[in-house]
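# Structural overview
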Amino acid sequence: MSHAVIAPELYLENLLMPYVIESIRERGVLPYPIRADFPVSWASHLDIADAAVALSDRPDVTGVVSVGQYPAITGPDLAEAFGAWLGRDVIIEPITPEECRTSVAR
């Protein structure tokens, strides 16, 4: 039986966590535990669903199927996109994984 594993890079919906989106809206700061210069291929749950539907008709595709934005974007690119959406300047603020864990635990 053929099979494929869908592997998203990072979930776009992570950016909607209250700590993240509130900081973007209130302070114009995008806090996330990645280096500002690290390119990321973000994927939404809708991207994953589209991939699953496409794979249901493609038994010839097997193995790991990466899903994510291409080309990948850096933190400043992402902050710029949020800024365009909000009509204000937004900057990326790399935080540590521990700071992220603490913010999510709230």
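Refer to the structure printed above.
My aim in this report is to walk through the structure given alongside it, one point at a time. From a predicted model like this one, the values you see are computed outputs, not experimental measurements.

## What to know about the overall build of the protein
From N to C terminus, the protein includes 4 helices and 6 strands. Scanning the protein from its N terminus toward the C terminus, one meets helices and strands in the order β-β-α-β-β-α-β-α-β-α. When the backbone C-alpha atoms are referred to their principal axes, the protein occupies close to 50 × 30 × 20 Å. Across the 106 residues that make up the protein, the buried fraction comes to 30%. Here the contacts in the protein between residues at least 6 apart in sequence split such that 79% fall between residues at least 24 apart. Total accessible area on the protein stands at roughly 6,900 Å², and carbon and sulfur atoms take up 59% of it. When the 7 positive and 15 negative side-chain charges of the protein are each reduced to one mean point, those points stand 7 Å apart.

## Here we look at the pairing of strand E3 (residues 29–32)
Of the two faces of E3, the one carrying Val29 and Pro31 and the one carrying Leu30 and Tyr32 are both buried. As judged from the 4 bridges shared by E3 and strand E6 (residues 91–94), these two strands associate in the parallel manner. Counterpart to leucine 30 in the pairing with E6 is isoleucine 92.

## Details of helix H1 (residues 18–27)
Because an α-helix completes one turn every 3.6 residues, residues spaced three or four positions apart along the sequence face the same direction. Listing the buried residues of H1 in full gives Val20, Ile21, Ser23 and Ile24. With its buried residues spanning 160° around the axis, H1 presents them on a single face. Opposite its buried face, H1 presents the exposed residues Pro18 and Glu26, each directed more than 90 degrees away. Following H1 by one or two positions, glycine 28 has its phi on the positive side, about 70°.

## Comments concerning the packing of aromatic side chains
According to the stated counting rule, one finds 2 aromatic pairs in the structure shown. Taking 5.4 Å as the distance between ring centres and 70° as the angle between the ring planes, the aromatic pair formed by tyrosine 32 and tryptophan 42 counts as edge-to-face. Remark: tryptophan 42 occurs in strand E4 (residues 42–43) and tyrosine 32 occurs in strand E3; sequence separation between them is 10 residues. Under the relative-accessibility criterion, tryptophan 42 is labelled buried at 3%.

About the thresholds
- Residues numbered from 1 in each chain as written.
- Predicted model: local features only at pLDDT ≥ 70, side-chain atom pairs only at ≥ 80, totals over all residues.
- Heavy atoms only, no water.
- Helix = DSSP H or I, 4+ residues; strand = E, 2+ residues; numbered from the N terminus.
- Buried < 20%, exposed > 50% of the residue type's maximum accessible area, 1.4 Å probe, protein only.
- Contact = heavy atoms within 4.5 Å.
- Areas by Shrake-Rupley, 256 points an atom, 1.4 Å probe, with all protein chains shown as cover.
- Lys, Arg positive; Asp, Glu negative; His and termini not counted.
- Charge placed at Lys NZ, Arg CZ, Asp CG, Glu CD.
- Pairing = 2+ DSSP bridges.
- Arc of directions from axis to C-beta.
- Phe/Tyr/Trp six-rings, centres within 6.5 Å; stacked < 30°, edge-to-face > 60°.

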